[in-house]
Amino acid sequence: MAADEENTGSLKQQLAKLFEASLRATVPEELDVEPLIAACNPRFGDYQCNNAMSLWTKIKGKGTEFTGPQPIGRAIMKNLPASEMIESCTIAGPGFVNVVLSKQWIAKSIQKMLIDGIQTWAPKLPVKRAVVDFSSPNIAKEMHVGHLRSTIIGDTLARMLEFSNVEVLRRNHVGDWGTQFGMLIEYLFERFPDWEVISDQAIGDLEAFYKASKQRFDTDPGFKERAQQAVVSLQGGEEKYRKAWAQICEISRRGYERVYQRLGVQLEEKGESFYNPYIPEALEALSNAGLIEESEGARVIFIEGKNIPLIVVKKDGGYNYASTDLTALRYRLNKEKAEWMIYVTDVGQREHFEMFFTAAKRAGWLPADDNMYPKVSHVGFGLVLGEDGKRFRTRSTEVVKLVDLLDEAKSRCKAALIERGKADEWTGEELEKTAEAVGYGAVKYADLKNNRLTNYTFNFDQMLNDKGNTAVYLLYAHARICSIIRKSGKDIEELKKTGKIELAHPDERALGLHLLQFAEIVEEACTNLLPNVLCEYLYNLSEYFTKFYSNCQVVGSAEETSRLLLGEATAVVMRKCFNLLGIVPVYRI
């Protein structure tokens, strides 16, 4: 058991443990030195320990026996504990220790994963419970392409954290409270006197309903007054108004569910209304901490370096985003005991988050040091653009509804599959499921493969292309590996127990090493909240496999068993990557 315990964590973490032992032996008096391990240029090795230079800067002049960084590097190399992981080490330049991993150890690690499961390759993160706050549409408005990014990015971050054994509270912070409900409720009463018994169909398109009520609000002073009074009645808890509000929320919710179902996204709704009762005590806590001041009739928190204050109570006594967000943060820290709060919204909201995070730090709710837990992170993302380089809209300049977009991706995929004669080979259900997996997967991957901070252009032809860095190409690559294994006629489950992986050919070793780097890639993607890091890994994995398959005969070769197992390991890791990206794999194409 003890030996197994040491083998947990990513490849990088395992190497770091060895170098940590060496550093303790090399410079026992420097207790705060962390091992600096990085992948290195393949010409020199697989990994590198880069501590010598910074250590020399730290210890020279302290009466040390060392005369420079290179002797320190040599000592670090000499003091490394014996390990089956390492085949050889060399020194380069000013004390870099280059490490070549043992291919027997790489092969053994892959084989162990095939038997024990990919979960054994989950990285270890320093956090137990996190909140991922994502999607968060507004009630009575259709989900549009702008919500796509928050939903997809948030879901992937949640999946990666869950895989890393973090308990994730997936929160849908919907806009279900506020002044717009006055006009919606009043318009409901006016249009449908029997509103309590009408169906969703009667109300029809909520977006159109919203626009019609807004037009009445803007043009009819009597209606506007009734709408403003309705807000007061709703917030005062009057039953008729609460019921009407709940009905509007429920119709909206059913609309979102259609999108979440297509995307395979799980969320727990805790909207603005949920936190509303807790706002007074949160504001009292901020006030007691001396943060809230009166300014021009409003109650505000001044933030150093910002020209405008953070308004927490408006002039009319109403609450706003800042009051709700601070309250929600306090609830998540104290009631839900979360250690990491992650907010996924567009980059346009960055300043709001910076300001309310700063206020929480000043109140003592969060540590001043951003690297300490509990902590908060704003995951900003850029715009989705159309072909014209402007915000993605329909021809009638409306924002694009998400349901329509996903349906079109699926129908284009289905048409392509029918064109390739699959309707004759497959059942109707297989055709539908494959079109869905590939269509929705293509939309997700086209978003996730970009650094989230950049804008990206939405282009069906590009995302549904079966060549290049697309989901279609990667799903097909996975299906091809499954087909190779099927055609071999071998029972892969049996081979896992009886066969042995050998990495004799350089392309076998390169593929094996890349497979083993999966855990540290997931760790990096989680730590920096960047799903594109995982996409890049997945695309490179398929490239490594292609190179291996081009140069190493699999079926019918003397090495068939080993190579089938390497193919199976590639398919297992690809499937886990798809799973983390929210993409459903396909096995036949």
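Note that this is a predicted model, so its numbers are computed, not measured.

Participant: What am I meant to see in empty space enclosed by the protein here?
Facilitator: It is a probe the size of a water molecule, rolled over the atoms, that shows where empty space is left. Taken as a whole and judged by the stated rule, the model has 1 cavity of 30 Å³ or more. What lines the largest cavity is simply Ile-481, Ile-484, Ile-485, Phe-545, Phe-548, Tyr-549, Val-554, Arg-563, Leu-564 and Gly-567. Taken together, the elements giving at least two residues each to the lining of the largest cavity come down to α20 (471-488), α24 (531-551) and α25 (560-580). Classifying every residue of the lining of the largest cavity gives 8 nonpolar, 1 polar and 1 charged.

Participant: Would you take a moment to explain the packing of helix α7 (residues 180-191) against helix α11 (residues 239-263) for this structure?
Facilitator: Between two packed helices, both the angle of their axes relative to each other and the distance between the axes serve to describe the pair. Where α7 meets α11, the axes come as close as 10 Å, and the angle between the chain directions of the two elements is 95 degrees. As far as their axial angle goes, α11 and α7 are roughly perpendicular. Contact residues: α7 offers Phe-181, Leu-184, Ile-185, Glu-186, Leu-188 and Phe-189, while α11 offers Lys-240, Tyr-241, Ala-244, Trp-245, Ile-248 and Cys-249. Across the contact of α7 with α11, the residue classes tally to 10 nonpolar, no polar and 2 charged.

Participant: Looking at this model, I keep getting lost on the side chain of Asp-46. Mind explaining?
Facilitator: Relative to the elements of secondary structure, Asp-46 occurs in the loop between β1 (37-39) and β2 (47-49). Of note is the side chain of Asp-46, whose polar atom sits 2.7 Å from the side chain of Arg-509. Ignoring any residue separated from it by four or fewer positions in sequence, one finds Asp-46 in contact with Ala-39, Cys-40, Val-99, Val-100, Leu-101, Arg-509 and Leu-513.

Participant: Before we go on, may I ask you to explain the UniProt feature "domain: DALR anticodon binding" (unreviewed entry) in the protein chain in this structure?
Facilitator: Taken from the UniProt record, the annotation "domain: DALR anticodon binding" (unreviewed entry) applies to residues 474-589. Within the segment residues 474-589, helix and strand shares are 73% and 0% respectively, and the terminal C-alpha atoms sit 12 Å apart.

Participant: Would you explain the environment of Ile-248 in this entry?
Facilitator: Residue placement: Ile-248 occurs in helix α11. Apart from the residues within four sequence positions on either side, Ile-248 is in contact with Ile-139, Ala-140, Phe-181, Leu-184, Ile-185, Leu-188 and Leu-206.

Participant: When you look at the packing of aromatic side chains in this model, what are you seeing that I'm missing?
Facilitator: Centre distance and the angle of the planes are the two values used to describe a pair of aromatic rings. Summed over all chains, the structure comprises 25 aromatic pairs. An angle of 55 degrees between the planes, with centres 5.8 Å apart, marks the rings of Phe-163 and Phe-518 as tilted. One end of the pair, Phe-163, is in helix α6 (residues 145-163); the other, Phe-518, is in helix α23 (residues 518-527), with 355 residues separating them in the sequence. According to the relative accessible area criterion, Phe-163 is buried, its value standing at 4%. The ring of Phe-274 is capped by Lys-270, whose NZ or CZ atom sits 5.1 Å from the centre of that ring. The positively charged end of Lys-375 is found above the aromatic ring belonging to Trp-340, 4.9 Å away from the centroid.

Participant: Whenever I open this one, the sheet that holds strand β5 (residues 129-133) confuses me. Can you help?
Facilitator: Sheet strands associate in pairs through backbone hydrogen bonding, adopting either a parallel or an antiparallel arrangement. Read across the sheet, 5 strands follow the order β7-β6-β5-β11-β12 without closing on themselves; strand pairing throughout is parallel. Pairing within the sheet leaves two strands with one partner each, and these edge strands are β7 (268-269) and β12 (375-381). The sheet contact formed by β5 and strand β6 (residues 167-172) spans 5 bridges and is parallel. Bridged to Ala-130 within β6 is Val-168.

Participant: Would you take a moment to explain the UniProt feature "domain: Arginyl tRNA synthetase N-terminal" (unreviewed entry) in the protein chain for this structure?
Facilitator: The sites that carry the UniProt feature "domain: Arginyl tRNA synthetase N-terminal" (unreviewed entry) are, in the present numbering, residues 13-101. Across residues 13-101, helical content stands at 36% and strand content at 21%; the span's end C-alpha atoms are separated by 14 Å.

Participant: Looking at this model, I keep getting lost on the state of the cysteines. Mind explaining?
Facilitator: In protein structure, a disulfide is the covalent linkage between the sulfur atoms of two cysteines. Within the structure shown, the criterion is met by 0 disulfides. The closest cysteine sulfur to the non-disulfide-bonded Cys-413 is located on Cys-535, 17 Å from its own sulfur. By relative accessible area, which is 8% here, Cys-413 ends up buried. The cysteine Cys-482 is free of any disulfide, with Cys-577 supplying the nearest cysteine sulfur at 14 Å. On the accessibility criterion, Cys-482 (10% relative accessible area) is buried.

Participant: Would you take a moment to explain the layout of surface pockets for this structure?
Facilitator: Of the volumes computed, that of the largest pocket is approximately 890 Å³. Along the wall of the largest pocket there are 36 residues; nearest its centre are Ser-136, Asn-138, His-147, Asp-346 and Gln-349. Sorting the residues of the lining of the largest pocket by element identifies α6, α9 (206-219), α14 (321-334), β11 (340-346) and α15 (350-362) as the ones contributing at least two each. When residues of the lining of the largest pocket are assigned to their parent elements, the largest contribution, 5 residues, is made by α6. Its residues placed into classes, the lining of the largest pocket shows 13 nonpolar, 13 polar and 10 charged. Two domains each donate at least three residues to the lining of the largest pocket, and these are domain 2 (129-174 + 268-384) and domain 3 (179-263).

Participant: I tried to follow α7 on my own but got confused; where do I start?
Facilitator: Along an α-helix, residues three or four positions apart point the same way, because every turn accommodates 3.6 residues. The end-to-end C-alpha distance of α7 is 17 Å, a good match for the 16 Å that 12 residues give at a rise of 1.5 Å each. Extensive coverage of α7 is indicated by the burial of 10 of its 12 residues. Looking at α7, one finds that the buried residues are Gln-180, Phe-181, Gly-182, Met-183, Leu-184, Ile-185, Glu-186, Tyr-187, Leu-188 and Phe-189.

Participant: Can you help me understand the domain arrangement of the protein chain in this one?
Facilitator: As a measure of interface size, the accessible area lost when the parts come together is often cited. For the protein chain, the assigned domains read domain 1 (11-101), domain 2 (129-174 + 268-384), domain 3 (179-263) and domain 4 (402-581). Computed from C-alpha atoms alone, the centre-to-centre distance between domain 1 and domain 4 is 36 Å. At the junction of the two partners, domain 1 supplies 7 residues and domain 4 supplies 6 residues. A combined buried area of about 570 Å² lies between domain 1 and domain 4, and 43% of that area is made up of carbon and sulfur atoms.

Reading the values: the criteria
Residues numbered from 1 in each chain as written. Predicted model: local features only at pLDDT ≥ 70, side-chain atom pairs only at ≥ 80, totals over all residues. Heavy atoms only, no water. 1 Å grid on protein atoms, 1.4 Å probe; cavity = no way out; pocket = protein on both sides within 12 Å on 5 of 7 lines; lining within 4 Å. Points joined across faces, edges and corners; volume = space filled by probe spheres on them. Helix = DSSP H or I, 4+ residues; strand = E, 2+ residues; numbered from the N terminus. Nonpolar A, V, L, I, M, F, W, Y, C, P; charged D, E, K, R; others polar. Axes fitted to C-alpha atoms, helices over the stretch in contact; angles between N-to-C directions. Parallel < 35°, antiparallel > 145°, perpendicular 65-115°, else oblique. Contact = heavy atoms within 4.5 Å. Polar contact = N/O pair within 3.5 Å; in protein donor to acceptor, adjacent residues only side chain to side chain. UniProt positions renumbered as here; feature names shortened; annotations may be inferred. Phe/Tyr/Trp six-rings, centres within 6.5 Å; stacked < 30°, edge-to-face > 60°. Buried < 20%, exposed > 50% of the residue type's maximum accessible area, 1.4 Å probe, protein only. Lys NZ or Arg CZ within 6 Å of the ring centre and 35° of its normal. Pairing = 2+ DSSP bridges. Disulfide = S-S within 2.5 Å. Domains from an automatic or database assignment. Expected span 1.5 Å × (residues − 1). Buried area = accessible area lost by both parts, 1.4 Å probe.

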